[in-house]
Structures are given as C-alpha cells and as structure tokens.
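The primary structure of each chain is shown beneath.
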Amino acid sequence: MTEMRIDPMVAAVRSQLATRSADPFTDETLVRTLAQEAVDGDPHLLDSAQRAEMIQRIVAEVSGLGPLQTFLEDPHVEEIWINSPTRIFVARNGIAELTTVIVTDEQIRDLVERMLIYSGRRLDLSQPFVDATLRSGERLHVVIPPVTNAHWSVNIRKHVQSARSLEDLETVGMVPHPIARFLRAAVASGLSILVSGATQAGKTTLLRALAGEIPRTRRVITCEEVFELGLPLRDCVALQTRPGSMEGSGEVTLRDLVRETLRMRPECLIVGEVRGCEALDLLLALNAGVPGMATLHANSAREALSKLCLLPLLAGENVTSSFVVPTVAGALDLVCQVQRDPSGRRFITEVIALPGRIEGMQVETSTLWTFDGDVLTRGNGSIDTHERFAAAGFDLAQLLHGDY
C-alpha cells in the first residue's frame, strides 16, 4: 500500500466534494462514503483489513490531519510537535517521545494551511508566527523560516484533561479535597485568583475548573490570545485577540480586550494568560471591584507575584512600582501554583493568600497549603475575608481548619 496508490484516491474524493460543494470537515459521513467508493474501485485491494486501513487513511487525509490524525485521536497524547519532516514528537502522558512518522516539507505546509482555514489567521513572511485554534479545539502554534532555521516548526496542544469542575480534579488527584473545598467557596465568594506554573503544568486545566465553580447567575467575560477555555457557562462572552492586516491595521491586543470588558458589565473577568502590559489593565479592573482569574508563567507562587508586579511597568514610564505593588496586594486574593513532575503527573503544589499589605515594596503573603503530590500540609497562614465568605454562605474558619 503505497503513497502513490492513495494519492489518486484522495484527489478523487476531494474532487467529488468540490463538485457537491461539501465541507470535508463537517461532513465526515460523506467523505467516508466517497472513500469507500474509491477503494472499491481499486482491484488490487482484496484484503478487508487492507481496505479498511486505506479508507481510514483517505478520511484522515481529507477530513483530518493526515499522518498526524492518529495522535490527535489518541486520548493519551497531550501535544504534537514537528521540528522537521523526520523529527515528529508527541507527549504521551507527560513524557516526550519521537514518533516513526516521516512526512515532507510540502505535506507540513499543506497541513498547516488546512489547519488555519478554520481560524482565518494568516502565515507568511510578514507574519512568520501564528497562534490559532483548530476546529476541534486544539491550540496551534507555527513558526516558519527565516525565523526558524530550515523547516517549519509546528506545535499542536491538545486539552486531554476534560475537567470542568474542581470535583473532576479531585477525582484525578490534581487537587486535594480540603483545597478543592476551599477554592470552591472562594470562587463563589468572589475572590480573585491567579493560577501560576510552568509550561504544560496544568494552569489552563485548573483555571477552567475554577471557572466551572462560578455561580450561574454571574456574567463572565473571558479574554484570550486564542479560544481555549470553552467555558459552558450560561452567561459568558468569550473574546480573542486579532493580528493586524498586511497593511498593519486592525490589530486587537489582549490589552484592548481587557479594557473593553469593563464596558460589558462583567461580574467576573478571566484572562487566559497574562504575559505583558495587559497586566496593568487587569489589575485596574480587579482593583475596581470586578472579581477575576488569570494564569501566569512562574516557578512558584511568590515568583508569580513578583512577575505580576513587573509586567505592568511595560505599559509606560509613567507606571511605577510604587503604584503597582500595592495595587497587586489589594487586587488579588489567592495564588495557586501547579506543577508537572517527571512522571507527567500534574497537581497543585501551594495556595497562598494575600492579606492586602506590603512590606518594603514586597507583597506580603500567607501560606494556606502546600502539597507534594502525596502529603498535604496546612500552612500557618490565614486570610481576612470572613465577611465575604459569610455573605456567600460559607464558614471560612471551618474551611481552613476543619477536618480533612
């Protein structure tokens, strides 16, 4: 079964779809029927297993991602990345491995073009990187030469963990019950929470689970580089950035989105990832009384706070640390750090509270819990938000000191 044999069949199926003005990505049943007809017309394919494999390959080429489709459908594969035509990797259960798949540069370019159709984003010499969302929700990142050395670099990040609530994360051991119980009440009480961690540590997974605890009566606005959260909330508006046109106009930045949300009656503001000067606008929104959540790359919860105190300074010379540091202390309530260990397991490692005070231009913190993946330790810290918890129907003292 050679590529030479499958290519004419793929071309025939695509021609039939074009004749019928059918979308191969939404009408897989028709694609499979046409693939069956194409295979039936090949007298060399007599073995039923061989025919079934050929049909599946044609469907993958026409409606999916060709040789990568198998990895996309594998629930244990979290990420797929291409360094070169002969260097295609996957992360399976958190562990990277080199696959046996070999493609050509032309196939890679064709795959990327097909993946970008859904998002409407472009990739060319004037715009050599792109972030986009695939039709099935995966996040795509591509970099092309001359930014890369010789070959296109492609990353496809899947969302294997389908957790939609803290209870789901309890079930898989990512969040211990006492922390989940406290965070559930914290969200309902309107506390602002920052989720920090390294790349692929599970920040978006925890953020999505926290958002799943937001009361149904609240209006939620989300701001992201590309749509990833997909929150199934009753009253939710999702916003994403937009790159500029070839003429350099029409760009919508994350900072633009955060500022725009304040005109949209938010009762909770969620920023998918804070990386730049949009941190200032987020802090101003939280300081104005809008509860919020966000993620940020950092190696520890305290480093996350230090970084959050630096990012707003990128907004301009008139923004100073003497303004930002106390604003961070007063705007945020909790920081949750997540981690991925060498075995690929993800779990929350610490929860710290912000009493709202600063000392020597440092945000004062208070450790509530630490967790090493096996042992949960209650810190000696506390948080002075009893009235907010009580207003939402919770006993903060019981949540912090009750039986585990």
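Rules behind the numbers
- Residues numbered from 1 in each chain as written.
- Predicted model: local features only at pLDDT ≥ 70, side-chain atom pairs only at ≥ 80, totals over all residues.
- Heavy atoms only, no water.
- Salt bridge = Lys/Arg side-chain N within 4 Å of Asp/Glu carboxyl O.
- Helix = DSSP H or I, 4+ residues; strand = E, 2+ residues; numbered from the N terminus.
- Buried < 20%, exposed > 50% of the residue type's maximum accessible area, 1.4 Å probe, protein only.
- Arc of directions from axis to C-beta.
- Contact = heavy atoms within 4.5 Å.
- Pairing = 2+ DSSP bridges.
- Axes fitted to C-alpha atoms, helices over the stretch in contact; angles between N-to-C directions.
- Core = buried A, V, L, I, M, F, W, Y, C linked by side-chain atoms within 4.5 Å.
- Parallel < 35°, antiparallel > 145°, perpendicular 65-115°, else oblique.
- Left-handed = near helix turned anticlockwise from the far one by under 90°.
- Nonpolar A, V, L, I, M, F, W, Y, C, P; charged D, E, K, R; others polar.
- Phe/Tyr/Trp six-rings, centres within 6.5 Å; stacked < 30°, edge-to-face > 60°.
- Lys NZ or Arg CZ within 6 Å of the ring centre and 35° of its normal.

Our focus in this paragraph is the pattern of salt bridges. Pairs can form between side chains of opposite charge whenever their charged atoms are close. Counted according to the given criterion, the structure contains 22 salt bridges. Taking the shortest distance from any N to any O, the salt bridge between Glu-228 and Arg-139 comes out at 2.9 Å. Of this pair, Glu-228 sits in the loop between strand S8 (220–224) and strand S9 (236–240) while Arg-139 sits in strand S5 (residues 139–143), placing them 89 residues apart in sequence. The class for Glu-228 is buried, based on a relative accessible area of 15%. The class for Arg-139 is buried, based on a relative accessible area of 13%. Here the salt bridges share partners, and the residues they tie into one network are Arg-255, Asp-256, Arg-259 and Asp-281.

All buried positions along helix H9 (residues 254–261) are accounted for by Leu-254, Arg-255, Leu-257, Val-258 and Thr-261. With its buried residues spanning 160 degrees around the axis, H9 presents them on a single face. Next to the buried residues of H9 lie S8, S9, strand S10 (268–271) and helix H10 (278–287).

Now for unusual backbone geometry. For the peptide bond that leads from Pro-145 to Pro-146, omega is 5 degrees, which places it in the cis range. Topologically, Pro-146 is positioned in the loop between S5 and strand S6 (153–157). The phi dihedral of Gln-200 falls on the positive side, at around 65 degrees, and the residue is not glycine. Counting through the fold element by element, Gln-200 comes out in the loop between strand S7 (193–197) and helix H8 (203–211). Look at Gln-200 and you get buried, because its relative accessible area is 14%. Look at Met-361: it is not a glycine, yet its phi comes out positive at around 60 degrees. By the secondary structure assignment, Met-361 is in the loop between strand S14 (358–359) and strand S15 (362–363).

So, about the sheet that holds strand S3 (residues 95–98). Spatial strand order, S3-S2-S1-S6-S5-S4: six strands in an open sheet with antiparallel pairing. Strands at the two margins of the open sheet, each flanked by one partner only, are S3 and strand S4 (129–133). Strand-to-strand twist across the sheet, computed as the mean angle between neighbouring axes with direction ignored, equals 15 degrees. Across six bridges, strand S1 (residues 77–84) lies against strand S2 (residues 87–92) in antiparallel orientation. From the neighbouring strand, Ile-82 faces S2, where its bridge partner is Ile-88. Contacting S1, S4, S5 and S6, helix H5 (residues 105–119) runs over the sheet at an angle of about 55 degrees to S4.

One finds Phe-182, Leu-183, Leu-206, Leu-210, Ile-270, Leu-334 and Ile-348 to be the most contacted residues of the largest nonpolar core, which totals 41 residues. For this core, the element with the highest residue contribution is helix H7 (residues 177–188), accounting for seven residues. Contacts of Leu-210, omitting those with residues within four sequence positions, involve Leu-166, Leu-183, Val-187, Ile-193, Val-195 and Met-293. Counting residues in hydrophobic clusters, the runner-up holds 38 residues, among them Leu-269, Val-290, Leu-296 and Leu-305.

Another aspect to go through is the packing of H9 against H10. The N-to-C vectors of H9 and H10 enclose an angle of 15 degrees; their axes lie 8 Å apart at closest approach. With respect to each other, H9 and H10 are oriented roughly parallel. In this structure, H9 meets H10 at a crossing whose hand is left-handed. Between H9, through Leu-254, Arg-255, Val-258 and Arg-259, and H10, the contact on the second element is made entirely by Glu-278, Leu-280, Asp-281 and Leu-282. Along the lines of polarity and charge, the residues of the contact of H9 with H10 split into four nonpolar, no polar and four charged.

Think of a pair of aromatic rings as described by two things: how far the centres are apart, and how the planes are tilted against each other in angle. Taken as a whole, this structure holds four aromatic pairs when the rule is applied. Ring centres of Trp-81 and Phe-89 lie 5.8 Å apart, and the angle between their planes is 5 degrees; on these two criteria the pair is classed as stacked. With 5.8 Å between their ring centres and 20 degrees between their planes, Phe-182 and Phe-389 make a pair best called stacked. Here Phe-182, found in helix H7, pairs with Phe-389, found in helix H13 (residues 386–391); they are 207 residues apart in sequence, far enough to count as distant. The same class applies to Phe-182 and to Phe-389, which are both buried. Aromatic rings pair up to connect Phe-182, Trp-369 and Phe-389 into one cluster. Taking the ring centre of Trp-369 as reference, the NZ or CZ of Arg-378 above it sits at 5.5 Å.

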